[in-house]
Amino acid sequence: MSTSFIDFRSDTVTKPTKEMRQAMFDAEVGDDVYGDDLTVIKLQDMAAQLFGKEAALFVPSGTMGNLICVMNHCGQFGSEMILGDLNHIHLFEQGGCATLGRVHSRVAPTQPDGTILLKDIEERIRMVTDDHFPQTKLVCLENTHNRMGGKILTLEYIQSVGQLCKQYGLKLHMDGARLMNAAVALDVDPAQLIECCDSASICLSKGLAAPVGSIILGTKEFILQAKRLRKVLGGGMRQAGVLAAAGIISLTQMPKLLKLDHQNAKLLAEGLAKIPGCEINPENDVQTNIVYFDLNPNKVKIDLQTIAGIFKQEHGILMSASGKWKARLVIHYMITKENIEYFLEQFKNILEKNQI
Ligand SMILES: Cc1ncc(COP(=O)(O)O)c(C=O)c1O
């Protein structure tokens, strides 16, 4: 896709910064399957330190990071994990935990704030030795919560789930694809947000703008086993230092830009809220860089899929409609305040012409 598009589809579309490209060019590399790549080692050490875990592993994607962690925790035949019905792992990772990991998903309703109620988790725990049932080994949370519009799980909530897991001897995994967005928005150390988690997966290639890669975190023993799982899943990379070099900049330079992304997302939401036919509550609905909104089909006679088509053809804007009347716009460092103002102007124009 040409660089001239303003791309609201996702923060996965971010391209590596100039500094990243230079660092990639200069990176010292080696065969990482042999453990020879000094840049990968540097990234992993830096991530372990930053997120307060014993060890870290560089993996090709968030999907693989989650799968490796789930398989690692639920190694035993007949295991299950408890997670929200709208969690990325459950909705958007092709059921990999079942098909490849042989782990059963026991889902609980995801609340509008991205949490799962403690009582819903507790009710689903199956510790019994009865041969009818899988045995619960793991609980998975997601922070920020993608499908719930970038909602932040608070430290208190995560700790309460951690406590429950401890009580029942369960492991806790955090799908922290956008954990840095949560840490920046809450103004807390990211390590604190996963202190009570046994593992976490953090994406470098979303708002943090690396071209490829995620980091998984855990104890030294957990990461040693994760490295074996990464290999069997085909994720062992050779001269991966060219990618890790960008990841180092993701961790050192990019987090400070996320605050601006969040401000821009709020600006966008506030602008949308003023357009007749558009439904969004900027105060409650937008906490980080993701903006979900609805169009009211009783007030406007054009749907979001049609608008997305027109915007692409005529205005150089890419957006994804989730059905006819709901859309998700995602802010990242390549979207400026001026881009948002331009989007709002075009959006207002098209809706004004299509009021019922
Ligand atoms: C919350 C969450 N977890 C995991 C992933 C998967 O990451 P990847 O696309 O790198 O596989 C995504 C991707 O959008 C995500 O939003």
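Not measured: the values here are computed from a predicted model.

1. Considerations on the packing of helix α1 (residues 18–26) against helix α11 (residues 241–252)
Logical step 1: Where α1 meets α11, the closest approach of the two axes is 8 Å, and the angle between their N-to-C directions is 145°. Considering how the two elements wind past one another, α1 and α11 form a crossing that is right-handed. Seen from α1, the contacting residues are E19, M20, A23 and M24; seen from α11, they are V242, L243, A245, A246, I249 and S250.
Logical step 2: Among the residues making up the contact of α1 with α11, the classes are represented as eight nonpolar, one polar and one charged.

2. A short note on the site of the ligand
Logical step 1: The local shell around the ligand holds 13 residues, among which G62, T63, N146, D175 and R178 are the closest.
Logical step 2: Contacts to the ligand include R178, whose side-chain N or O atom sits 2.8 Å from an oxygen atom.
Logical step 3: Across the complex, the protein chains shield 84% of the 380 Å² of accessible surface that the ligand would expose by itself.
Logical step 4: The element that contributes the greatest number of residues to the shell around the ligand is helix α3 (residues 62–73), accounting for three residues.
Logical step 5: Of the residues in the shell around the ligand, the class split is two nonpolar, six polar and five charged.

3. Considering the packing of aromatic side chains
Logical step 1: Across all of its chains, the model carries five aromatic pairs by this definition.
Logical step 2: Relative to F343, the ring of F311 lies with its centre 5.7 Å away and its plane at 85°, an arrangement referred to as edge-to-face. With a gap of 32 residues between them, F311 in helix α14 (residues 304–315) and F343 in helix α15 (residues 337–352) connect regions that are remote in the sequence. There is no split in this pair, since F311 and F343 are both buried.

4. A look at the pairing of strand β13 (residues 326–330)
Logical step 1: A large share of β13 lies buried, amounting to four of its five residues.
Logical step 2: When strand β10 (residues 290–295) meets β13, the two strands line up antiparallel, connected through five bridges. Among the inter-strand pairings, Y292 is bridged to a residue of β13, identified as R328.

5. Re helix α8 (residues 179–186)
Logical step 1: Those residues of α8 that sit buried are L179, M180, N181, A182 and A183.
Logical step 2: Packing partners of the buried residues in α8 comprise α2 (38–51), β6 (171–175), α9 (190–193), β7 (199–203) and α12 (255–273).
Logical step 3: D187 occupies a position one or two residues after α8 and carries a positive phi of about 55°.

6. With respect to the UniProt feature "domain: Aromatic amino acid beta-eliminating lyase/threonine aldolase" (unreviewed entry) in the protein chain
Logical step 1: The UniProt record marks residues 7–294 with the feature "domain: Aromatic amino acid beta-eliminating lyase/threonine aldolase" (unreviewed entry), using the residue numbering of this structure.
Logical step 2: Annotated as 43% helix and 16% strand, the span residues 7–294 places its first and last C-alpha atoms 19 Å apart.

7. A few points about the pattern of salt bridges
Logical step 1: Applying the stated criterion across every chain, the model contains eleven salt bridges.
Logical step 2: Across the salt bridge formed by D7 and R9, the nearest N and O atoms sit 2.6 Å from each other.
Logical step 3: Classification of D7 by relative accessible area gives buried; the value is 12%.
Logical step 4: Residue R9 is classed as partly exposed on the basis of its relative accessible area of 30%.
Logical step 5: The partner of K119 in a salt bridge is D120, with the nearest N and O atoms 3.1 Å apart.
Logical step 6: Residue classification places D120 among the buried residues on the basis of a relative accessible area of 6%.
Logical step 7: The structure contains a network of salt bridges with shared partners spanning K119, D120, E123 and R124.

8. What about the packing of α14 against α15?
Logical step 1: Interhelical geometry of α14 versus α15 gives an angle of 125° and a closest axis separation of 12 Å. Compared by their axis directions, α14 and α15 come out oblique. The two elements α14 and α15 meet at a crossing, and its hand is right-handed. Judged by residue contacts, L304, I307, I310, F311 and H315 of α14 engage Y342, F343, Q346, F347, I350 and L351 from α15.

9. Structural notes on the domain arrangement of the protein chain
Logical step 1: Looking at the assigned domains, one finds that the protein chain contains domain 1 (6–11 + 255–352) and domain 2 (18–252).
Logical step 2: Centre-to-centre separation of domain 1 and domain 2, based on C-alpha positions: 29 Å.
Logical step 3: Listed per partner, the contact involves 16 residues of domain 1 and 20 residues of domain 2.
Logical step 4: Of all residues in domain 1, D11, P255 and L258 bury the most surface against domain 2, accounting for 36% of the area lost on that side.
Logical step 5: Between the two partners, domain 1 and domain 2, sit one salt bridge.
Logical step 6: The shortest N-O distance in the salt bridge between R178 and D11 comes to 2.8 Å.
Logical step 7: Connecting domain 1 to domain 2 are five residue pairs in polar contact (both at pLDDT 80 or more).
Logical step 8: Elements that contribute at least two residues to the side of domain 1 that touches domain 2 include exactly α12, α13 (282–285) and β10.
Logical step 9: For the side of domain 1 that touches domain 2, the leading source of residues is α12, giving five residues.
Logical step 10: The residue inventory of the side of domain 1 that touches domain 2, partitioned by class, reads five nonpolar, six polar and five charged.

Cut-off values and rules
Residues numbered from 1 in each chain as written. Predicted model: local features only at pLDDT ≥ 70, side-chain atom pairs only at ≥ 80, totals over all residues. Heavy atoms only, no water. Axes fitted to C-alpha atoms, helices over the stretch in contact; angles between N-to-C directions. Helix = DSSP H or I, 4+ residues; strand = E, 2+ residues; numbered from the N terminus. Left-handed = near helix turned anticlockwise from the far one by under 90°. Contact = heavy atoms within 4.5 Å. Nonpolar A, V, L, I, M, F, W, Y, C, P; charged D, E, K, R; others polar. Near = heavy atom within 4 Å. Polar contact = N/O pair within 3.5 Å; in protein donor to acceptor, adjacent residues only side chain to side chain. Areas by Shrake-Rupley, 256 points an atom, 1.4 Å probe, with all protein chains shown as cover. Phe/Tyr/Trp six-rings, centres within 6.5 Å; stacked < 30°, edge-to-face > 60°. Buried < 20%, exposed > 50% of the residue type's maximum accessible area, 1.4 Å probe, protein only. Pairing = 2+ DSSP bridges. UniProt positions renumbered as here; feature names shortened; annotations may be inferred. Salt bridge = Lys/Arg side-chain N within 4 Å of Asp/Glu carboxyl O. Parallel < 35°, antiparallel > 145°, perpendicular 65-115°, else oblique. Domains from an automatic or database assignment. Buried area = accessible area lost by both parts, 1.4 Å probe.

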